[in-house]
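# Structure at a glance
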Amino acid sequence: MRAGVGVVIPCYRQERFLPRTVRALEAALADREWQGALVLAAPPGTPADAGTPDPLFELSSRWQVIAPPDRRAAPRPLTPGGARMLGLAACAGEWVLFVDADVEVERVWLDAAIAAAERARGGRLAGLWGRIEEWFVTAEGERPGSPDLYRVGRGERAVDYLATLAFYRRDALLEAGGYDTRLSSEEDFELGLRLRAAGCELRALGMLAARHWSAPRPSFGELARRWRTGLCLGQGQVLRLYLGRPGFAVLLRRQALYLATLGMWVLGLAALSAALAGAGARALAAWALLPLAVLAVMALRKRSPRLALHALLAWTLNGLGLVVGLFRTPRALATRGPAGEARC
């Protein structure tokens with residue numbers, strides 16, 4: 001690639017996986033012209049990096065590190081989109097690879113992605129992705145999770161969005177307005193909406209692209225972390241931003257499961273209120289069959305009552321986050337309007 005490749009690693013709470021991530025990237029890009037930006041989304045000394053290795057462990061001169069200087073300068077961590085856009089501004093490259101800090105990139109996929117980008121020069125192709133394997137790290141060692149974390153399949157095909165690992169053509173990304181820096185989550189899907197509306201193409205290559213590393217999931221601790229860090233709010237934030245705009249219906253359908261779960265609990269509150277008002281407990285007893293039926297169906301599907309309960313709690317938490325995000329103004333709402341129209 002004549003203009004080289006840019007690499008951006010946004011990092012929040014995943015410092016312990018950085019050595020693996022960086023080593024894989026440097027090996028995959030060993031024979032190419034590239035430069036990278038590591039963006040630490042939280043200032044040093046916060047709970048985000050407590051007990052983790054120094055993220056600057058063995059970085060080569062190709063890396064630029066961007067970090068908030070202290071808590072007063074950045075009282076809250078950067079949003080995922082904010083961290084990526086800072087990294088994008090700091091590194092050159094006709095195409096830019098965004099890699100989460102807990103992702104180990106496959107060299108074969110990256111070679112194929114760069115080759116595909118070069119063949120598509122001047123075309124509509126704006127981004128490339130691939131199949132991501134899930135791996136867990138435990139006290140006993142490492143074990144595999146899902147072989148296809150995002151269910152992209154093993155064949156090459158068009159996709160709606162790129163997440164966790166994304167190889168974007170810089171000019172297409174910038175013309176679409178880049179990642180929305182206000183969103184606590186859903187920034188990947190929202191960007192995909194704008195790129196596709198501009199006539200751009202996003203594709204998944206039919207091969208293993210990377211491995212995603214984490215503590216075992218699903219877990220109840222992970223639910224608490226997602227709420228604590230605001231990741232559950234993005235669903236509502238993006239609906240607020242798209243209210244009355246093209247794409248709102250698509251985003252609403254994407255949140256249908258969470259909305260249905262909220263509806264179930266609202267019915268339960270109505271039945272409880274009726275029972276307390278003296279209407280009898282028959283309606284409340286009838287309603288109680290609904291969450292029990294959901295738990296029973298999920299226990300059969302997942303072959304675990306514990307995982308069934310986790311699923312119901314996850315839907316509930318995301319639904320509550322949707323409501324909070326819908327009515328809480330996203331960061332910098334007054335200073336950033338909707339992205340302008342773009343075209344590929």
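Anything mentioned here points back to the structure above.
Presented here is an overview of the structure given in this document. Values in this document were obtained by computation on a predicted structure and should not be read as measured data.

The number of helices and strands found in the protein is 11 helices and 10 strands. Residues classed as buried in the protein amount to 48% of the 344 residues present. For the protein, restricting intrachain contacts to residue pairs at least 6 apart in sequence, the fraction spanning at least 24 positions comes to 80%. When the accessible surface of the protein is split by element, carbon and sulfur atoms take 58% of a total near 16500 Å².

Our focus in this paragraph is the packing of helix H7 (residues 234-242) against helix H11 (residues 305-327). Packing of H7 against H11 leaves a shortest axis separation of 6 Å and a crossing angle of 40°. In terms of axis orientation, H7 runs oblique to H11. The hand of the H7/H11 crossing is right-handed. Contacts from Gln235, Gly236, Gln237, Leu239 and Arg240 of H7 reach H11 at Asn318, Leu322, Gly325, Leu326 and Phe327.

The buried fraction of helix H5 (residues 187-197) amounts to nine of the 11 residues, a majority that puts the element mostly inside the structure. Looking only at H5, the buried set comprises Glu187, Asp188, Phe189, Glu190, Leu191, Gly192, Leu193, Arg194 and Leu195. Backbone geometry just after H5 places Gly199 at a positive phi near 90°.

Another aspect to go through is unusual backbone geometry. Cis geometry is adopted by the peptide bond preceding Pro218, which originates at Arg217 and carries an omega value of 0°. Looking at where Pro218 falls in the secondary structure, it is placed in the loop between strand S10 (201-214) and helix H6 (220-228). Phi angles above zero are rare outside glycine, and Arg303 is one such case at about 55°. Among the structural elements, Arg303 can be located in the loop between helix H10 (282-302) and H11. Overall, Arg303 belongs to the exposed group, its relative accessible area being 78%.

Turning our eyes to something else, we now look at the nonpolar core. Counting 67 residues, the largest nonpolar core has Phe98, Trp109, Trp129, Leu165, Phe167 and Tyr168 as the members making the most contacts within it. Looking at this core, the element that brings in the most residues is helix H3 (residues 107-119), giving six residues. Of all hydrophobic cores here, the second largest spans nine residues; its members include Trp287, Met298, Ala308 and Ala311.

With that settled, the discussion passes to the pattern of salt bridges. The full count for this structure, using the stated rule, is 21 salt bridges. The shortest N-O distance in the salt bridge between Arg121 and Glu94 comes to 2.8 Å. Separated by 27 residues along the polypeptide, Arg121 in the loop between H3 and strand S6 (125-138) and Glu94 in the loop between helix H2 (80-90) and strand S4 (95-99) bring together distant segments of the chain. According to the relative accessible area criterion, Glu94 is partly exposed, its value standing at 24%. In this structure, the salt-bridge partner of Glu133 is Arg211, at a minimum N-O distance of 3.4 Å. Taken together, the positions of Glu133 in strand S6 and Arg211 in strand S10 put the pair 78 residues apart, joining distant regions of the chain. Since its relative accessible area comes to 21%, Arg211 is described here as partly exposed.

With that settled, consider a nonpolar patch on the surface. On the surface, Phe220, Leu309 and Leu313 cluster together into a nonpolar patch covering about 230 Å² of accessible area. Mapped onto the fold, Leu313 is located in helix H11.

Moving on: the packing of H10 against H11. Here H10 crosses H11 at 125°, and the two axes come no closer than 8 Å. Taken as axis vectors, H10 and H11 run oblique relative to one another. Of the two elements, H10 crosses H11, and the hand of that crossing is right-handed. Listed contacts from H11 to Val294, Leu295, Met298, Ala299 and Lys302 of H10 are Pro305, Leu307, Ala308, Leu309, Ala311, Leu312 and Trp315. A class-by-class count of the residues in the contact of H10 with H11 yields 11 nonpolar, no polar and one charged.

Relative to the helices and strands, Leu110 is located in helix H3. Residues Leu110 and Phe167 lie 57 residues apart in sequence; the distance between their C-alpha atoms is 8.9 Å. Not counting residues up to four positions away in its chain, the partners in contact with Leu110 are Ala28, Leu29, Leu97 and Val105.

We now examine the pairing of strand S7 (residues 141-144). Where S6 lies against S7, four bridges are found, and the strand directions are antiparallel. When the bridges of S7 are listed, Thr138 appears paired with Gly141. Once S6 ends, the chain turns through two residues before running back antiparallel as S7.

Conventions and cut-offs
- Residues numbered from 1 in each chain as written.
- Predicted model: local features only at pLDDT ≥ 70, side-chain atom pairs only at ≥ 80, totals over all residues.
- Heavy atoms only, no water.
- Helix = DSSP H or I, 4+ residues; strand = E, 2+ residues; numbered from the N terminus.
- Buried < 20%, exposed > 50% of the residue type's maximum accessible area, 1.4 Å probe, protein only.
- Contact = heavy atoms within 4.5 Å.
- Areas by Shrake-Rupley, 256 points an atom, 1.4 Å probe, with all protein chains shown as cover.
- Axes fitted to C-alpha atoms, helices over the stretch in contact; angles between N-to-C directions.
- Parallel < 35°, antiparallel > 145°, perpendicular 65-115°, else oblique.
- Left-handed = near helix turned anticlockwise from the far one by under 90°.
- Core = buried A, V, L, I, M, F, W, Y, C linked by side-chain atoms within 4.5 Å.
- Salt bridge = Lys/Arg side-chain N within 4 Å of Asp/Glu carboxyl O.
- Patch = residues over 30% accessible without salt bridge, like charges linked within 9 Å, V, L, I, M, F, W, Y side chains within 5 Å.
- Nonpolar A, V, L, I, M, F, W, Y, C, P; charged D, E, K, R; others polar.
- Pairing = 2+ DSSP bridges.

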